[in-house]
Amino acid sequence: EIKELRLDADSVSLALELFGVSDFAPVPYGVRVWKVRYITQDRGQAVETTGLVSIPDVKDPLEVPVLLYLHPTMGFMDECAPTAIGLEGAAFPVLWASQGYIVVAPDYLGMHGWGEPADFLHPYVTAEPTAVASLDALRAMHHFTGESDVNITTDPARTVIWGASEGGFAALWADRYAPYYAPEYGVSAVVAAVPPTDMMGLARE
């Protein structure tokens, strides 16, 4: 657990006001955040990667929807991963968890935000490894929360995928792979903000 990121609802609301997004405040929930390492695969080979799990901090049992948060381009090295940069990297997962979602936010392959460094390059805007690692983050989140002292339950059929820029690309491909690679998740909605979809044009740029 990232103990310094266990925030009560008043602290989250204050942070939102300080960053000029007070329309989201006051928030209904405080938030707990953990860094996690989980096993996924790349072309059939098991690999580790990292991410964040953020949940509403509640005393009484609560069923919540799931949000898979896919980050925009942060860089290409371990130190660029959202889990490596503290509160800034956790900002959106904290916001969504404070609104009543359980949020999993993978760093993507080749970007280990903590622990042993990655020994391979980040496969930037490459469909299959991005989708597979993202969907396996959902499984890691359910495994983690099932063994943790949280009062949160989820319905996998209520899953939202949200991403911007590189994350928008990841969201579109995670949605396309989900019925085949992770059929236990029912994707209710996909939000893909400014996703790169013309890969030849992007490469020229």
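Rules used throughout
- Residues numbered from 1 in each chain as written.
- Predicted model: local features only at pLDDT ≥ 70, side-chain atom pairs only at ≥ 80, totals over all residues.
- Heavy atoms only, no water.
- Pairing = 2+ DSSP bridges.
- Helix = DSSP H or I, 4+ residues; strand = E, 2+ residues; numbered from the N terminus.
- Axes fitted to C-alpha atoms, helices over the stretch in contact; angles between N-to-C directions.
- Contact = heavy atoms within 4.5 Å.
- Salt bridge = Lys/Arg side-chain N within 4 Å of Asp/Glu carboxyl O.
- Buried < 20%, exposed > 50% of the residue type's maximum accessible area, 1.4 Å probe, protein only.
- Right-handed = clockwise from strand over helix to strand, strands pointing away.
- Patch = residues over 30% accessible without salt bridge, like charges linked within 9 Å, V, L, I, M, F, W, Y side chains within 5 Å.
- Areas by Shrake-Rupley, 256 points an atom, 1.4 Å probe, with all protein chains shown as cover.
- Phe/Tyr/Trp six-rings, centres within 6.5 Å; stacked < 30°, edge-to-face > 60°.
- Lys NZ or Arg CZ within 6 Å of the ring centre and 35° of its normal.

(A) Layout of the sheet that holds strand β3 (residues 62-70). Overall, mixed pairing links the 6 strands, which are arranged β1-β2-β4-β3-β5-β6 in an open sheet. Of all the strands in the sheet, the pair left with one neighbour each is β1 (30-42) and β6 (187-193). Strand-to-strand twist of the sheet, defined as the mean angle between neighbouring strand axes without regard to direction, takes the value 25°. Sheet analysis places strand β5 (residues 152-164) next to β6, joined by 6 bridges and oriented parallel. Paired with I161 across the two strands is V190, which belongs to β6. Helix α4 (residues 166-181) rests against β1, β3, β5 and β6 of the sheet, and its axis sits at about 135° to β5.

(B) Spatial organisation of the pattern of salt bridges. For the coordinates displayed, the defined rule picks out 7 salt bridges. The network of salt bridges with shared partners includes D136, R139 and E184.

(C) Inspection of the pairing of strand β4 (residues 102-106) at higher detail. Most of β4 sits inside the fold, with 5 of its 5 residues counted as buried. The alternating pattern of β4 places I102, V104 and P106 and V103 and A105 on opposite faces, both of which are buried. Strand direction decides the pairing type here: strand β2 (residues 45-57) and β4, joined by 4 bridges, are antiparallel. Bridge assignment links S54 to a residue of β4, and that residue is V103. One ladder, built from 3 bridges, connects β3 with β4; its direction is parallel. The residue of β4 that forms the bridge with V66 is I102. For the crossover from β3 across helix α2 (residues 87-98) to β4, the handedness is right-handed.

(D) Seen up close, a nonpolar patch on the surface. A grouping of L14, L18, F19, V21 and F24 is seen on the molecular surface, where their side chains present a nonpolar patch of about 540 Å² in accessible area. Within the fold, F19 resides in the loop between α1 (9-18) and β1. Given the relative accessible area of 67%, F19 is considered exposed.

(E) Highlighting the packing of aromatic side chains. Applying the stated criterion across every chain, the model contains 9 aromatic pairs. Centroid distance F169 to W173: 6.4 Å. Interplanar angle 55°. Geometry classified as tilted. A residue pair is termed a helical-turn pair when its members lie 3 or 4 positions apart in one helix, as F169 and W173 do in helix α4 at 4 residues. Residue F169 is classed as buried on the basis of its relative accessible area of 5%. A residue is classified by how much of its surface remains accessible, and W173, at 27% relative accessible area, is partly exposed. What links up through ring pairs into an aromatic cluster is the set Y69, F92, W96, Y101 and W162. Looking at R37, its charged tip hangs above the ring of W114, at a distance of 5.7 Å from the centre. Positioned over the ring face of Y181 is R139, at 4.9 Å from the centre of the ring.

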